[in-house]
Amino acid sequence: MPGFELFGDKERKEVNDVLDSGVLMRYGFDGMRKRHWKAKSLEDALVQRMQVSHAHLTSSGTSALTVALAGAGVGAGDEVIMPTFTFVASFESILMLGAVPILVDIDDTLTLDPNAVEKAITERTKVIMPVHMCGSMADLGALQSICKKYGLLLLEDACQAIGGSYQGKPLGSIGDLGCFSFDYVKTITCGEGGAVITNNKNYYENAHKYSDHGHDHLGNDRGAEAHPFLGYNFRISELNAAVGLAQIARLDEFIGIQKRNYNILRETLSQIPEITFRRVPEGGEENHSFLNFFLPTEKLARRAHRSLGENGVDGCFYWYDNNWHYYRKWEHLTEAKSLGKLPKEVLDSLQDFSKVDFSASDHWMGRTISCLIKLGWTATEVEQRAQKMAEAIKSAL
Ligand SMILES: *Cc1c(COP(=O)(O)O)cnc(C)c1O
């Protein structure tokens, strides 16, 4: 998945444009910037590639999620449904607004289970936030039907699945809002950065203002701009955006390499009868950033994962025990360990994690192994890796 693997002259040229003009900020300084608008250009490129009407860059994927929620009017006490398997950014972005993260089970897609989602809806629910983890997507058709039935918003966290698609549409473009991360380990990178995409003009208008202190961005005297509502600083810098501008031009090249490498590994592993693969919803095309598969039991998954490590196969994850990606180790959330006092709305409505039953999630995560697909491998290296993986797993069965 990492864009940092293929990083070079194109990125350097874009960054040098910014250094040469000295305008490191995305707004203003029109005369000095020698027509270089890296953030704006990257937004235009995202609009094109993602087939949406609006894109707005932010300082990170986490802030993109917060900005998307804020832009859609989410605030204190609103409930946002999110999966048990994701990155901690999901609940952080919700809590930032005084809204309440409601954790819901995943299924064999390793993303939100639509049946569990429907059961979790209350009169305070405002948003369903599926997270397209490890390169593949939630059942967006089913989630869209639920959103329609209950009048909810769909916000796609596509931070780990940029370049994938569902029924021919780019992931991120299907919900009311979609978010990407361009942090250093994502498929394409800015160093640090993120984006919100949407077809809703109102959400977009809110998003760019909210992420820049409420600036209305009208006219060309920044100091004279009005502030229609409260905001914050979630801006990206021109330097970061410049890197992303070079990288987005290479997105489809990166996805192509990932797909080739993924297919070689999958072909080999599919010859092991005990292995089954993560379900991809009908009409879905992964971005192939990870190969995700199940072993028959938790015990065998642990053994297979250990054996991969012992046999020198790096980059394979057993998320069930991971500190950052699965609810079991999120005691800072489940025990509400905040530095200062949390808003009353959050304290009143957080789930009682000593009682919630996520055994359906445990059933799938306990058996899952995910292997990162790298861009830098040659075809021969992938072939060798596939053999090594197959042997390591077979020896553990
Ligand atoms: C990386 C990531 C984020 C957060 O992005 P940052 O740019 O690191 O803040 C959010 N959600 C998911 C699923 C991610 O993988």
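Reading the values: rules and limits
Residues numbered from 1 in each chain as written. Predicted model: local features only at pLDDT ≥ 70, side-chain atom pairs only at ≥ 80, totals over all residues. Heavy atoms only, no water. Domains from an automatic or database assignment. Contact = heavy atoms within 4.5 Å. Buried area = accessible area lost by both parts, 1.4 Å probe. Salt bridge = Lys/Arg side-chain N within 4 Å of Asp/Glu carboxyl O. Polar contact = N/O pair within 3.5 Å; in protein donor to acceptor, adjacent residues only side chain to side chain. Helix = DSSP H or I, 4+ residues; strand = E, 2+ residues; numbered from the N terminus. Buried < 20%, exposed > 50% of the residue type's maximum accessible area, 1.4 Å probe, protein only. 1 Å grid on protein atoms, 1.4 Å probe; cavity = no way out; pocket = protein on both sides within 12 Å on 5 of 7 lines; lining within 4 Å. Points joined across faces, edges and corners; volume = space filled by probe spheres on them. Nonpolar A, V, L, I, M, F, W, Y, C, P; charged D, E, K, R; others polar. Disulfide = S-S within 2.5 Å. Phe/Tyr/Trp six-rings, centres within 6.5 Å; stacked < 30°, edge-to-face > 60°. Lys NZ or Arg CZ within 6 Å of the ring centre and 35° of its normal.

Let's talk about the domain arrangement of the protein chain
Working step 1: We note that the domain assignment places domain 1 (3-251) and domain 2 (252-396) within the protein chain.
Working step 2: Between the C-alpha centres of domain 1 and domain 2 there is a distance of 24 Å.
Working step 3: Facing 52 residues of domain 1, the contacting portion of domain 2 comprises 47 residues.
Working step 4: Counting each side, the surface lost to burial between domain 1 and domain 2 is near 4,100 Å², with a carbon and sulfur contribution of 61%.
Working step 5: When residues of domain 1 are sorted by the area they lose upon contact with domain 2, Leu103, Asp108 and Cys134 head the list and together hold 15% of the total.
Working step 6: Between Glu253 and Arg250 there is a salt bridge; the shortest N-O distance is 3.6 Å.
Working step 7: One can count 28 residue pairs in polar contact (both at pLDDT 80 or more) joining domain 1 with domain 2.
Working step 8: Elements with a contribution of two residues or more to the side of domain 1 that touches domain 2: strand E2 (79-83), helix H4 (89-95), strand E3 (100-104) and strand E6 (165-166).
Working step 9: No other element matches the 5 residues that E3 contributes to the side of domain 1 that touches domain 2.

So, the pattern of salt bridges
Working step 1: Considering all chains together, one arrives at 27 salt bridges under this definition.
Working step 2: Here Glu118 makes a salt bridge to Lys149, at a shortest N to O gap of 2.7 Å. Highlighted residues: Glu118 in helix H5 (residues 114-120) and Lys149 in helix H6 (residues 140-150), separated in sequence by 31 residues.
Working step 3: Glu118 sits in the partly exposed class, given a relative accessible area of 27%.
Working step 4: A salt bridge links Arg302 to Asp321, with the shortest nitrogen-to-oxygen separation between them at 2.6 Å. With Arg302 in helix H10 (residues 298-310) and Asp321 in the loop between strand E13 (316-317) and helix H11 (331-334), the pair connects residues that are 19 residues apart, well separated along the chain.

A look at empty space enclosed by the protein
Working step 1: Following the criterion strictly, the structure yields 1 cavity of 30 Å³ or more and no others.
Working step 2: Of the volumes computed, that of the largest cavity is approximately 30 Å³.
Working step 3: Lining the largest cavity are Tyr262, Arg266, Phe277, Arg278, Val280, Glu286, Leu291 and Asn292.
Working step 4: Residue composition of the lining of the largest cavity, grouped by class: 4 nonpolar, 1 polar and 3 charged.

Regarding the state of the cysteines
Working step 1: Taken as a whole and assessed by the stated rule, the structure comprises 1 disulfide.
Working step 2: One disulfide bridge connects Cys316 with Cys371, the sulfur atoms lying 2.3 Å from each other. On the sign convention where negative is left-handed, the bridge of Cys316 and Cys371, at about 110° about the S-S bond, is right-handed. Pair noted here: Cys316 is in strand E13 and Cys371 is in strand E14 (residues 368-372), with a separation of 55 residues, a long-range link. Across the pair, Cys371 and Cys316 agree in class, each one buried.
Working step 3: A disulfide-free cysteine, Cys134 has its sulfur positioned 10 Å from the sulfur of Cys371, the nearest such atom.

Observations regarding the packing of aromatic side chains
Working step 1: Tallied over the entire structure, the rule returns 15 aromatic pairs.
Working step 2: Consider the rings of Phe87 and Trp324, whose centres lie 6.5 Å apart with planes at 40°: the pair is tilted. Taken together, the positions of Phe87 in the loop between E2 and H4 and Trp324 in the loop between E13 and H11 put the pair 237 residues apart, joining distant regions of the chain.
Working step 3: With 5.0 Å between their ring centres and 50° between their planes, Phe294 and Trp364 make a pair best called tilted. One end of the pair, Phe294, is in strand E12 (residues 290-294); the other, Trp364, is in helix H13 (residues 359-365), and 70 residues separate them in sequence.
Working step 4: What links up through ring pairs into an aromatic cluster is the set Tyr318, Tyr320, Tyr326, Tyr327 and Phe358.
Working step 5: It is Arg33 that lies over the ring of Trp37; its NZ or CZ is 4.0 Å from the centre.

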